2 protein chains.
Amino acid sequence: MEGKDNHELFACDHSARMTGDRRREVILETAFNLFSKRGFSGTTTKDIARSAGVSEATVFKHFSTKDELYAALLDVKKCSEGHHRFPWEENESLIKAMNSNDDYGVFYSFAIRALDKQQSDISFMRMLFFSALEEHEMADRFYTEFVAKIYDFLGAYVKKRQKDGAFRKVAPKIVVRAFLGMLIHHSLNNILWDKNRRVLDISNETAAKNFAEILLRGITLKAS
Amino acid sequence: MEGKDNHELFACDHSARMTGDRRREVILETAFNLFSKRGFSGTTTKDIARSAGVSEATVFKHFSTKDELYAALLDVKKCSEGHHRFPWEENESLIKAMNSNDDYGVFYSFAIRALDKQQSDISFMRMLFFSALEEHEMADRFYTEFVAKIYDFLGAYVKKRQKDGAFRKVAPKIVVRAFLGMLIHHSLNNILWDKNRRVLDISNETAAKNFAEILLRGITLKAS
DNA sequence: ATATGAAGTAAGTGCTTACTCACTTTTGAA
DNA sequence: TTCAAAAGTGAGTAAGCACTTACTTCATAT
């Protein structure tokens, strides 16, 4: 027993026939795992079929081409897995910190939420990078619909606090880029290069705390 | 006679017969461009041959397998293109700044050198990411032989300045990760997602200046 | 001049790829 | 119970893949 095949994870009887929609989901989830591991051109439809526990013909009954399967995957992953949710939605401590001008709270809450999410969805991160390198449209759409909004949101907060006289004058987008850089680069290190944490082994809490502190001290106007 | 002379002047005349070594170089360079654009499995040996202006058989006369070609590529790129040179070698302003404890100079010089290099060698950056995702050994080797050394080098400077009482107590490696995060993430944005600089359009000088300032203020102990 | 060996290739090889088709099995509403 | 529609597949196909073979072309040392 390989036990690795995806269909077994879904508590489904091999012999049982599924509804079309259910089978579709299983194939999509299986394909997602493979694409995120090996990229688009590194994954074959035969692999997908085998891992999903169906024949290749069944895969093509649900998705007329490999490209269509990939596209459907991007839609599902973008809409269904909480990635359309912005890091400030359902993040009460962030909202609360913002309303009370608790700058550290803002950056810490944002950071810990982002790091946790990235760590819990390594496949999605890998897929994002693969699609960016392979120049699939997903990368563009994700960037304009999701990342760009984060720049607006955090940037607006920075601008507000600059008006309050709390932050010094730095282009807000540069501040956001610096902060996202710390967070995303740290996750990327953990996912791609330093998997066994030889260079740096810290918890997400420690990372969030230190990054938030560095950024905050980096942009606050010290009252003297 | 005169016509023959012209042929010899153009090193890239595909119809002319080359020495084995020269042809090898041409094939390697061509393969590098294609692999960096489409990844390993997305590039065919036929493509490489066509782009290099030779037959597929010639490619296999020089490299017995596609994998061997890829491996040779990694060696060449690692050794010949200055990537084995660390950002502090041949960077006088960085060394000078370090010796005179000019903290801003240190981080600014490091940053501008890194950003310029990354921008001038987009193909190498793409290749690095492809090989990390595809889990080729290059990623590992590059990280342990190059990146880890940067952590040691910059980390040592931070530690020294902490002992001097100039920097506050933060784990030096976290400081390095934060700074490299800003730099690499910024380059990555420019290369992969925000190619036409819609979200943020700044010069390398501006980026280096702002990132260095943010980091430095983030870790200095303000004398009061 | 000519022999030698390296540079270079046309035309394959067998295998893999994405995708199709003719067909069987199962489901559920009437 | 009946049966149309849906789920599912074995056995393909043509094109594409990495790689090979048997051969030609050409520079150069003798």
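**As for the overall build of chain A**
In terms of helices and strands, chain A carries 11 helices and 0 strands. Classification of the 224 residues of chain A by burial places 53% in the buried group. Summarising the internal contacts of chain A: among those between residues at least 6 apart in sequence, 68% fall at separations of at least 24. Summing over all exposed atoms, chain A offers an accessible surface of approximately 10,600 Å²; the carbon and sulfur share of this is 51%.

**A word on the protein's contact with DNA strand C**
Thr-45 and Lys-66 of chain A together with Met-18, Thr-58 and Lys-61 of chain B are the nearest of the 18 residues found near DNA strand C. Sugar and phosphate atoms represent 53% of those atoms of DNA strand C found within 4 Å of the protein. At 3.5 Å from a phosphate oxygen of DNA strand C is found a main-chain nitrogen or oxygen belonging to Thr-43 of chain A. Ser-55 of chain B is positioned such that a nitrogen or oxygen atom in its backbone is 2.9 Å from a phosphate oxygen of DNA strand C. Elements supplying a minimum of two residues to the surface near DNA strand C: helix H4 (56-62) of chain A together with helix H2 (20-38) and helix H4 (56-62) of chain B. When the residues that make up the surface near DNA strand C are grouped by side-chain class, the tally is 5 nonpolar, 7 polar and 6 charged.

**Looking at helix H8 (residues 122-133) of chain B**
All names here are of chain B. Here H8 contains 12 residues, and its C-alpha end-to-end distance of 17 Å stays within 8% of the 16 Å for a straight helix at 1.5 Å per residue. With 10 of 12 residues buried, H8 lies mostly within the body of the structure. Listed in full, the buried residues belonging to H8 are Phe-124, Met-125, Arg-126, Met-127, Leu-128, Phe-129, Phe-130, Ser-131, Ala-132 and Leu-133. Two residues or fewer after H8 comes Glu-135, characterised by a positive phi angle close to 55°.

**Focus on the environment of Arg-177 of chain A**
Looking at the secondary structure, you find Arg-177 of chain A in helix H10 (residues 172-193). The spatial distance from the C-alpha of Arg-177 of chain A to the C-alpha of Leu-154 of chain A is 10.0 Å, given a sequence separation of 23 residues. If near-sequence neighbours (up to four positions away) are discounted, Arg-177 of chain A is found in contact with Tyr-143 and Tyr-151 of chain A together with His-185, His-186, Asn-189, Asn-190, Asp-194, Val-199, Leu-200 and Phe-211 of chain B.

**A closer look at the interface of chain B and chain A**
Facing the 50 residues of chain B at the interface are 50 residues of chain A. Interface of chain B and chain A: buried area, both sides summed, is about 4,500 Å²; carbon and sulfur atoms make up 68% of it. Looking at the side of chain B facing chain A, the largest losses of area belong to Leu-133, Arg-177 and Trp-193 of chain B, adding up to 18% of the total buried there. For the pair chain B and chain A, the number of links is 4 salt bridges. With its nearest N and O atoms 2.5 Å apart, the salt bridge here joins Lys-195 of chain B to Glu-135 of chain A. Run the count over chain B and chain A and you get 14 residue pairs in polar contact (both at pLDDT 80 or more). Here the element with the most residues in the side of chain B that touches chain A is helix H10 (residues 172-193) of chain B; it accounts for 16 residues. Taken together, the residues that form the side of chain B that touches chain A break down as 25 nonpolar, 11 polar and 14 charged.

**Observations regarding helix H2 (residues 20-38) of chain A**
The terminal C-alpha atoms of H2 of chain A lie 27 Å apart, and with 19 residues this matches the ideal 27 Å at 1.5 Å per residue to within 8%. Burial in H2 of chain A covers these residues: Arg-23, Val-26, Ile-27, Leu-28, Thr-30, Ala-31, Phe-32, Leu-34, Phe-35 and Ser-36 of chain A.

**Quick notes on the packing of H2 of chain A against helix H8 (residues 122-133) of chain A**
Residues and elements named next belong to chain A. For the pair H2 and H8, interaxial distance at closest approach is 8 Å and the crossing angle is 60°. With respect to H8, the axis of H2 lies oblique. Regarding H2 and H8, the two cross each other, and that crossing is left-handed. Across the interface between the two elements, Phe-32, Asn-33, Phe-35, Ser-36, Lys-37 and Arg-38 from H2 touch Ser-123, Phe-124, Arg-126, Met-127 and Phe-130 from H8. Its residues assigned to classes, the contact of H2 with H8 comprises 5 nonpolar, 3 polar and 3 charged.

**As for the packing of aromatic side chains**
For the structure shown, the criterion picks out 21 aromatic pairs over all chains. Centroid distance Phe-35 of chain A to Phe-40 of chain A: 5.6 Å. Interplanar angle 20°. Geometry classified as stacked. For the pair formed by Phe-35 of chain A and Phe-40 of chain A, the shared burial category is buried. Ring centres 5.1 Å apart and planes at 80° place the aromatic pair Phe-107 of chain B and Phe-179 of chain B in the edge-to-face group. Pair noted here: Phe-107 of chain B is in helix H7 (residues 103-120) and Phe-179 of chain B is in helix H10, with a separation of 72 residues, a long-range link. The residues Phe-107 of chain B and Phe-179 of chain B share a single accessibility class, namely buried. Ring pairs connect the aromatic residues Phe-129, Tyr-143 and Trp-193 of chain A together with Phe-129, Tyr-143 and Trp-193 of chain B, which therefore count as one cluster.

Reading guide: rules and limits
- Residues numbered from 1 in each chain as written.
- Chains lettered and ligands numbered in written order.
- Predicted model: local features only at pLDDT ≥ 70, side-chain atom pairs only at ≥ 80, totals over all residues.
- Heavy atoms only, no water.
- Helix = DSSP H or I, 4+ residues; strand = E, 2+ residues; numbered from the N terminus.
- Buried < 20%, exposed > 50% of the residue type's maximum accessible area, 1.4 Å probe, protein only.
- Contact = heavy atoms within 4.5 Å.
- Areas by Shrake-Rupley, 256 points an atom, 1.4 Å probe, with all protein chains shown as cover.
- Near = heavy atom within 4 Å.
- Polar contact = N/O pair within 3.5 Å; in protein donor to acceptor, adjacent residues only side chain to side chain.
- Nonpolar A, V, L, I, M, F, W, Y, C, P; charged D, E, K, R; others polar.
- Expected span 1.5 Å × (residues − 1).
- Buried area = accessible area lost by both parts, 1.4 Å probe.
- Salt bridge = Lys/Arg side-chain N within 4 Å of Asp/Glu carboxyl O.
- Axes fitted to C-alpha atoms, helices over the stretch in contact; angles between N-to-C directions.
- Parallel < 35°, antiparallel > 145°, perpendicular 65-115°, else oblique.
- Left-handed = near helix turned anticlockwise from the far one by under 90°.
- Phe/Tyr/Trp six-rings, centres within 6.5 Å; stacked < 30°, edge-to-face > 60°.

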